[in-house]
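Residue-level structural notes
What follows is each chain in one-letter form.
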2 protein chains.
Amino acid sequence: MATVVDIAVSAAINILSAFIFLLAFAILRIQPFNDRVYFPKWYLKGLRSSASHSGAFVRRVVNLDFRSYIRFLNWMPEALKMPEPELIDHAGLDSAVYLRIYLMGLKIFVPIAFLAWAVLVPVNYTNDTLKIAQLVSNVTASDIDKLSISNVPLKSQRFWTHIVMAYAFTFWTCRVLLKEYEKVASMRLQFLSAEGRRPDQFTVLVRNVPPDPDESVSELVEHFFLVNHPHHYLTHQDTSYFLDKLSVATHPSVSSFGLNSKGLGKGLVVCNANKLASLVKKKKSKKNWLDYYQLKYDRNPLQRPLKKVLLNIQSDISQTGFLGLWGEKVDVIDHHTSEIEKLSEEIEEERERVLKDPKSIMPAAFVSFKTRWGAAVCAQTQQSRNPTLWLTEWAPEPRDVYWENLAIPYMSLSVRRLIIGVAFFFLTIFFMIPIASVQALASIEGIEKRAPFLKPVIEIKFIKSVIQGFLPGIALKLFLIFLPTILMIMSKFEGFLSISSLERRSATRYYIFLIINVFFGSILTGAAFEQLNSFIKQSANEIPKTIGVAVPLKATFFITYIMVDGWAGIAGEVLMLKPLILYHLKNIFLVKTEKDREEAMDPGSLGFNTGEPRIQLYFLLGLVYATVTPFLLPFIIIFFAFAYVVFRHQIINVYNQEYESGAAFWPDVHGRVITALVISQLALLGLMSTKEAAQSAPFLIALPVLTIWFHRFCQGRHKSAFVKYPLQEAMMKDTLERARDPNFNLKPYLQDAYIHPVFKGGDDDDEDDDLSKKLETDSVLVPTKRQSRKNTPAPSRISKASSPSLSEINESIVKASIYSNRRGFGFYL
Amino acid sequence: MATVVDIAVSAAINILSAFIFLLAFAILRIQPFNDRVYFPKWYLKGLRSSASHSGAFVRRVVNLDFRSYIRFLNWMPEALKMPEPELIDHAGLDSAVYLRIYLMGLKIFVPIAFLAWAVLVPVNYTNDTLKIAQLVSNVTASDIDKLSISNVPLKSQRFWTHIVMAYAFTFWTCRVLLKEYEKVASMRLQFLSAEGRRPDQFTVLVRNVPPDPDESVSELVEHFFLVNHPHHYLTHQDTSYFLDKLSVATHPSVSSFGLNSKGLGKGLVVCNANKLASLVKKKKSKKNWLDYYQLKYDRNPLQRPLKKVLLNIQSDISQTGFLGLWGEKVDVIDHHTSEIEKLSEEIEEERERVLKDPKSIMPAAFVSFKTRWGAAVCAQTQQSRNPTLWLTEWAPEPRDVYWENLAIPYMSLSVRRLIIGVAFFFLTIFFMIPIASVQALASIEGIEKRAPFLKPVIEIKFIKSVIQGFLPGIALKLFLIFLPTILMIMSKFEGFLSISSLERRSATRYYIFLIINVFFGSILTGAAFEQLNSFIKQSANEIPKTIGVAVPLKATFFITYIMVDGWAGIAGEVLMLKPLILYHLKNIFLVKTEKDREEAMDPGSLGFNTGEPRIQLYFLLGLVYATVTPFLLPFIIIFFAFAYVVFRHQIINVYNQEYESGAAFWPDVHGRVITALVISQLALLGLMSTKEAAQSAPFLIALPVLTIWFHRFCQGRHKSAFVKYPLQEAMMKDTLERARDPNFNLKPYLQDAYIHPVFKGGDDDDEDDDLSKKLETDSVLVPTKRQSRKNTPAPSRISKASSPSLSEINESIVKASIYSNRRGFGFYL
C-alpha cells in the first residue's frame, strides 16, 4: 500500500513532466518553422499560408519576440475564447460535442467532489478503525485510507451517510446526463437543419440489390425506385468495385460466407486496379516535378530549366536520363507538361475500361431524391418483402463512406458478427494474463524475486517510490498501444459502412476492454491475482463483494494512473512530439514544393475510437471512488479541466476533421456513463455487504434498477434524434429552399457527389479540391482575424452573427406563413 | 420417486377422464339443442340459423339418428379436413398460425423422439449405475430412471453420445424454427396483400399530439399532416374521450404521472357517459321487448298484444304499469316503437353534447391516407423533432383498438413500465412460496406429517399412487387460474394500444412466470425447497448444476403434469362445460327472442395470452428432457397431436375471432422456443459437469452461443415482416387497385371506420353490423356446404379457388407489366 509520500513523489514527477512538456510546447509553438505542426488546421482551412517570402530568414525560422516567451501559457485562455457556435463552424459538430464530454466530466464531478469532501471525508476520518487495526494486527494503512470508507468500523450506522450520498451522486449524475443529452440532441438537429445544401441530405445508400439476370444493377436500381418512389426519385450513382467474380467462384466456401469483398476481394482490387493506381502515382510525381521547375523558373525567369532526357521510342512515357547523364536535352517544363497530358489520357482509358467491366459493379448504389423528405422517407422505411434486400439507410457523408464494405450480403454480415464476437471475447479474456504478470513483475516484490541483485537499488526510498508510483501505470499503458489497431480491423471485418460507425464500434469494444482488463484487471489482479481462476467460478453474489472489497485498496494505484495517463499524457498530447519530428524530417529530406510541404503536415484527428473510451475510464474511476475514497476526486477534476483546455486548443489549431457524423456518438457516450454508474453502485453494494451493514445495504438495490430505467427513458426520449431524421424538419427545410432558390437544379449537383475514391482521387488532386469546395459552397466559411501568426484567433462575432441569423429569420418567416395562413401553403408545396 | 406403476395409474386415470370427456362431447355435440354451444362460429358467420320452425319438437332437441352415435370420433378427421387457405378465410390468419404452433411441436419432437429412443435409450439402459447404487446405499430408483441419463456412470465416455445428440436436437429444432419463421412471414405478407380493402391499410394511429392554445386537436392534426404529407394525407378521425381535465388538475401529482386517463380518468368516463350509457341500455331493452311482442304478434296475427301502461306526463318515457296492474291499455308494439324513437333522439342529443365538449377530446387521432404507400411511409417514419410527440404507428384493426390507452403521454408510459416491471418481479418471486408449500403438503410425506390419522388410508397402494400422480399437478393448476387476469390488468396499465398487443405482452409475462414458478419452481422446490433461500445466494456457475441435477429427478412429476394438464385438460376444453351450462341456464331464464339467444352464446376465443405460454411449457419440457429422460417425449407428442386436432376443431366450429393481428405474435413464439432451447442446453451443461464429464462438457458451451446467434439471425431476417410494411408491397397493391377500381372514393369509405365504441355501439346494434359488414365487403364470404347440421363442414374448394387465384392472376399481370414495360407505368401512377 502506497503512502501519501509515494503519491506525493508520483505527483511531483508527473507534474514536473507535464510542466516540461508544456514549457517545451510553449517555446516550440511560437517558432515560425513549427507553424505547420502546431497550426495545421488553419493551413487546411486556407486561412494561413507559409510566409516564405516576407521578412528576414531568421525571423522566419526563430521567434525573436521575447515578450511572447513571457506569456507562455497564453494559449490556454485563448483556446477557451472561441464561442461554441463558432467552434462548430470551425471544426464541426463532432469536435464541439466531443469537448462537451470533458465539460460534462467537470459538471458531474465538481459538485460531487465538494459534497464528498464536505460530508464523507469528515465522516470517514473521525473513526479509529484503521489505527486500531494497525495496532492489533500490524496492518499498514496510509493516511489516504483514513479518508476512505475503510476507516469506518463494521456495522456502523455511519454507512447511512454513504448510502444517502450514493443516491445524491446518482441523482446528480443522471441530471447532468439528461441535460447534456437534451442539449446535444438539439444541437444535432440544429446543426442538421442549419447546415447548407449537402449531397448526403438527399441521398440514401441502398445495399443488397438482388441480382437480376436481365438487367444491370444500375438499371435495376433505377426501375425499382421509379416504381416505388415515383414522385421523389431523382437519380442514382452505382458503386463500381474491382471484384473478380470468376476467381471468387472457384472458392465457393469463401464466397458463400461473403468474405470475397473483404478477404479475397480486397486482394483482387489491388490486382485489377494496379495499373490505374501506378499510373496515377506516376502522374502525381511528374506534376510535383513540374511544380518544382515552374517555381525555379519563376524565381529565375531568364534561364529556362533544361535536362537530359532519354527518349525511349518503345514507351510513350519517356524517362529522365539516369541522373541526367545522357539523353537529349529538352525544356523540362514543356517536357513534363506533355507527359502529364499523355498520362492523363492513359488514366482516362484505364478508368473507362475498369468502369465498363461488369465484374466491378457492386450490388449497392447511392440513390438521390428530389427532396429531403423523399430521402428521409426512403431511409426510414423497408423497401422490399425480403428485409435483407434493398436495404436503405442514410448515406454517410461522401468522405465518411467506407467503400470496401458496401457489398457484403446479409448472411455474411451475420456470420462475421458472430466470428468477431467470439474473437473479441477471447481477446479480452486472454489479454488479462500478460497484463497481470507484467504488473506483478513491476511491483517491488516481483522485481526483488526475479532480480535479487537489484535489491539494494530498489530499496532506496526514492526509487522504491518511483517504481511503486510509476511502473504499474507505464506497464498498463504499453499494453494498450496496439489494441486500437486490432479493434479497428475487427470493426472493418464486421462490415460497417462508414468510418464514423467503424470508430464508434471500435470505441465500444475498447471501452469493454478497458473495463474488464484495466479496471477489473487492476482491481483483482493486484488484490487477488492468484484467485483469478477461482474467481471465474465465483458466485454472482460474491463478485460485487470481491470487487467492493478490493476497490478501496487500489485507490492509490488509480491515482498514479490518473497522473501518468491523464496529466502527463495530456501534456504530451499538446506537445505533438511525433508529428513535430516527422514533419521536420520530411521537410529536410522530401519537401520540394509547397504542395509537398502541405502533405508533410500531419494534423492527425481526434481519434474517437481511442480517445473517448479513455475519458470514460475516468468517469468510471470517479464514480466508483466518489463514495469510497473521495480523495481521488480532485485528481479526476484536474484531469478533466486540463484535458478540456488542451483538446480545445488542439481542435481549434491542429486536428483535421476526417468526417462529420453530427455527434452521432452521443448515445454511446451516455450509455457508457450509465454503465460506469451501475458498476459503481454494484461495487458499493458489494462493499457494504462485507461491512455487515445489513440494515442499510438493501437500500442500494433500488439504485441500479432506477439507473437502468433512467437510461431506457433517455434512449426513448432522445436517441431517435441520432438515428432518424424527422419528416417535419425535412419538409420545412425543403419548403424553405424552394422558396429561396426555386430554380436550383439538383441533379447535376448530386451527379458526382458519391464517386469511388479510385476514380475521383486518381484523376487530379484539383478535382478533389473542387469537390470539397463544392461541398462547402453553402456552408459559410468563417473569416476570422487570424492573419497574424502569433496568437490563436479571436472570435469574429460580426461575420458569424450575420449569416445564421438571416437564415433563422427566413426560417421563422416560412414557419409562420405555414402555420398562420394555412390555406396559402400550396404556394410552397 | 414415482415408479412405472404410479405413472401407469396416473396415465390410466387421465386417459379415462379424457375418454369420458370425449364421449360426453361426442354425445352432446350432436344434440340440436346444444348446437349453439358447439357450433357458434357458424351462427356468427351467418351460415347457420336456429331451425326452430321445421320438424318435430323432439327432433329439434334430441338427436335420434343412432347411426351418428356410432361415428362418435368422426369430428377428428373432419377437423383436419379443411385446408389451410380455407381455414385462414374462415377463422383468420391468427388462428391458422396458432395451430401451426402445435404442428411445429410435432415437427420438432417426432424426429427427436425417434432419434432419442433409437440412440439414447439403449445407451442409458445398458448401464448398472442405478442398480449398484440401489444395492449399496439403498437409493430407490424406478425403471424410468434406468432409461434416463442418471443410469450412466460418472466420467463415462458414453456422455459423448448425449453431447452429439444435444447438437443434433438443437440443429433440428433450429431448422424447423427457421422454416416455420419463413413460412409464417410469407403467410403474413400473403395475407396482408391478398386481403381486400380494409380501413387499417390506409390508416395510421397518431398519438401524443402536442397541445396547442389556438387550435383544437382535430385542426392541429389536419394542418400538420397537410403540411408534412401533402400528397398523401386524406382525412382523419380524432378520438373523443370523456376526460374532465378540471377535476384532474386538482390532483397534479396524479396527472403528472399521467394516471388520469386510466386511474382517475376512467372513473370520470363512467361519470360523464353515465347518462348516455343508461339511455343506450334502456333502448336496447325496449328493443328486445318490441322484438318479443312482434314475434308473438306474428305467430298470432289475430290478437294485437295490449298492455296497461302508466302514462307519466312529467317524464317523456312512460313506464309500463307495475306488473301491468294499473294504467291505460295501449297497443304494446306501437307504444314501444314510439318510445324507441324518442330514446334514439335523446341518445343522439346526448352524444352531440359529449362530442362538442372540448374536454372529451384525446390528443390522438386516426389519420387516413390516399394510398397504402402514404400510410406505410407515415407509420414507419419519425414525424417531429421531439420523438415523443406525433408518434405514428400502424392503426390496429378497428375492433382491435384498446381505446382507454390512447391518451397516455410518454413520461407516464415510461413510469408505468417501471412500476409494472417491479410489480411483476415481486409477483413472480413471491408466488413461488405458496406453490412450494402446497406441493410439499400434497406429497405423501407432507400429508402424513400434517394429518397422521390419514396414514392408513394413504398407505393403500392405489391411493398413494393417485396422490403422487395427481395432486401435485392439480395444486399447480389451481394456482394458475387467477394469474392471467392479473397479468392482463398489468398490461393494460402499461398502456398498450391494441388488444392483440395486450395479449402478447400478457403472454410474455405469463411465460416468464411459468418458467420461473412452474418449471424452476417444481424442479427446485421438490428437490431443494429448504435450500430456496440459500439458492438465491448461489453462484452463477452453480445454478445450472443444481438444475441439471434436479432435472432427471422430476421427470415423473412432469409426466403426470403433461397428462393432467395436457391430455385431460385438452379433452375438457373440447367439452366446453362452462359455456354449455351457462348457455342452457340463460336459455331457460333469460332468453325471450332470437337476439337474446344469439347473445347467450359464448363462443369464447383462442385466448392467446394463456394458451400460447402453456404450449411453450411443453416445448420447454420436451427440449429439456430430450437428452435427459427421453421417456417423456412420447407424452409430449401425444399432447401436441391431440391438442392440434382439438383446437383445429374448436377454431373451425366454436371460437369467435376477436381481432386479426396477422400472426403478429410469431416472433414471440419463435423467441420462446429459443429460450427453451437455451435453458435445456444450460441444464444439460450443468448436469454434465456434475457427472464429472470434464472432457466432454466444455463442448456444450458453444451450443447456447450458436443458438442465440441463430435467434438474432432469424430476427434480423424475418422480424421486420411482422413490424413493418414494405413499400414495394404497398405500391404494388395501390397500383393494382387503381387499375381495377379507378373511380373508388376512399374518403367516405374511411370516414367512420374508427369511431369510439360508445358512439358507435350506443346508436344501434344494426350499425355495428353495418360496419362489420362494410369491413367484410371486400373479403369474400366463403359459402361452405354446412347447411345440414350434423357434421362439420366439408371444405368447398371451388368457391374458394376462384377468387384468390383471380386476384393472383391480376397481381401477376400488373407485376409483369410493371417490370417489363417499364416505360409504361406512368399509366398507373
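Residues numbered from 1 in each chain as written. Chains lettered and ligands numbered in written order. Predicted model: local features only at pLDDT ≥ 70, side-chain atom pairs only at ≥ 80, totals over all residues. Heavy atoms only, no water.

Checked against the element boundaries, Ser491(A) lands in helix H22 (residues 483–494). Filtering out sequence-adjacent residues up to four positions away, Ser491(A) remains in contact with Phe496(A), Leu502(A), Arg505(A) and Ser506(A). (Helix = DSSP H or I, 4+ residues; strand = E, 2+ residues; numbered from the N terminus. Contact = heavy atoms within 4.5 Å.)

This part covers the relation of the copies chain A and chain B. Mapping chain A onto chain B calls for a screw motion: a turn of 180 degrees about the axis and a shift of 0.1 Å along it, with 0.1 Å RMSD after fitting. Within this description, the copies of the chain are treated as partners about a two-fold rotation axis. In this assembly, 100% of the residues forming the interface of chain A have copies in chain B that are likewise at the interface, indicating an isologous arrangement. (Least-squares fit on C-alpha atoms with pLDDT ≥ 70 in both.)

Time to look at the state of the cysteines. Residues and elements named next belong to chain B. As enumerated under the stated definition, the model contains zero disulfides over all chains in all. Unpaired in this structure, cysteine 174 has its nearest cysteine sulfur neighbour in cysteine 714, at a distance of 7.5 Å. According to the relative accessible area criterion, cysteine 174 is buried, its value standing at 10%. (Disulfide = S-S within 2.5 Å. Buried < 20%, exposed > 50% of the residue type's maximum accessible area, 1.4 Å probe, protein only.)

We now examine the interface of chain A and chain B. At the interface, 55 residues of chain A touch 56 residues of chain B. For the pair chain A and chain B, the summed buried surface comes to about 5100 Å²; carbon and sulfur atoms form 61% of the total. A per-residue breakdown of the area chain A buries against chain B is headed by Gln382(A), Arg385(A) and Trp709(A), which together make up 14% of the total. Here chain A is connected to chain B by zero salt bridges. On inspection of chain A and its partner chain B, the count reaches 18 residue pairs in polar contact (both at pLDDT 80 or more). Of all the elements in the fold, those that place two or more residues in the side of chain A that touches chain B are helix H10 (159–194), helix H12 (217–228), helix H17 (372–380), helix H18 (410–442), helix H32 (702–723), helix H33 (727–740) and helix H37 (797–820) of chain A. Of the residues belonging to the side of chain A that touches chain B, the class tally is 26 nonpolar, 21 polar and eight charged. (Buried area = accessible area lost by both parts, 1.4 Å probe. Salt bridge = Lys/Arg side-chain N within 4 Å of Asp/Glu carboxyl O. Polar contact = N/O pair within 3.5 Å; in protein donor to acceptor, adjacent residues only side chain to side chain. Nonpolar A, V, L, I, M, F, W, Y, C, P; charged D, E, K, R; others polar.)

This part takes up the environment of Ala91(A). Residue and element names in this part refer to chain A. With respect to the helices and strands, alanine 91 occurs in helix H7 (residues 84–125). When the C-alpha positions of alanine 91 and asparagine 653 are compared, they lie 9.4 Å apart, and in sequence the two are 562 residues distant. When residues no more than four places from it in sequence are discounted, the contact partners of alanine 91 are Lys41, Ile651 and Gln657.

All names here are of chain A. Given a rise of 1.5 Å per residue, 13 residues ought to cover 18 Å, and the 19 Å separating the end C-alpha atoms of helix H27 (residues 577–589) matches this to within 8%. Taken as a whole, H27 has its buried residues at Pro579, Leu580 and Tyr583. Along the axis of H27, the buried residues cluster in a sector spanning 105 degrees; they form a single face. Set apart from the buried face of H27 by more than 90 degrees, the exposed residues are Lys578, Ile588 and Phe589. (Expected span 1.5 Å × (residues − 1). Arc of directions from axis to C-beta.)

A separate point is the packing of aromatic side chains. Residue and element names in this part refer to chain A. Counted according to the given criterion, the structure contains 57 aromatic pairs over all chains. Judged by centre distance (5.1 Å) and plane angle (65 degrees), the rings of phenylalanine 557 and phenylalanine 558 are edge-to-face. Here phenylalanine 557 matches phenylalanine 558 in class, with each residue buried. A ring pair is formed by tyrosine 618 and phenylalanine 639, whose centres lie 3.8 Å apart and whose planes are at 20 degrees; its orientation type is stacked. Of this pair, tyrosine 618 sits in helix H29 (residues 608–628) while phenylalanine 639 sits in helix H30 (residues 633–653), and the two are 21 residues apart along the sequence. (Phe/Tyr/Trp six-rings, centres within 6.5 Å; stacked < 30°, edge-to-face > 60°.)

Now for helix H25 (residues 542–553) of chain B. The terminal C-alpha atoms of H25(B) lie 18 Å apart, and with 12 residues this matches the ideal 16 Å at 1.5 Å per residue to within 8%. Of all the positions in H25(B), only Thr546(B), Ile547(B), Gly548(B), Ala550(B), Val551(B) and Pro552(B) are classed as buried.

Next up on the list: the confidence of the model for chain A. Residues and elements named next belong to chain A. Residues with a pLDDT of 70 or more make up 68% of chain A, whose mean pLDDT is 72. Within chain A, no element has a lower average pLDDT than helix H13 (residues 245–249), which sits at 32, and none a higher one than helix H31 (residues 666–690), at 90. Taken together, the stretch residues 241–272 has pLDDT below 50 and engages in 61 contacts with residues farther than four places along the chain or on a different chain. In the predicted structure, residues 761–829 sits below a pLDDT of 50 and forms 100 contacts with residues beyond four places in sequence or in another chain. (pLDDT = per-residue confidence, 0-100.)

Residues and elements named next belong to chain B. Axis separation between helix H1 (residues 4–29) and helix H26 (residues 555–575) bottoms out at 8 Å; the angle between their running directions is 5 degrees. With respect to their mutual orientation, H1 and H26 come out roughly parallel. Where H1 abuts H26, its residues Ile7, Ser10, Ala11, Asn14, Ile15, Ser17, Ala18, Phe21, Leu22, Ala24, Phe25 and Leu28 lie against Thr556, Ile559, Thr560, Met563, Val564, Trp567, Ala568, Ala571, Gly572, Val574 and Leu575. Residue composition of the contact of H1 with H26, grouped by class: 17 nonpolar, six polar and no charged. (Axes fitted to C-alpha atoms, helices over the stretch in contact; angles between N-to-C directions. Parallel < 35°, antiparallel > 145°, perpendicular 65-115°, else oblique.)

This part covers unusual backbone geometry. You will see that Trp390(B), though not glycine, has its phi angle at about 50 degrees, which is positive. With respect to the helices, strands and loops of the structure, Trp390(B) is situated in the loop between helix H17 (372–380) and strand S7 (391–394).

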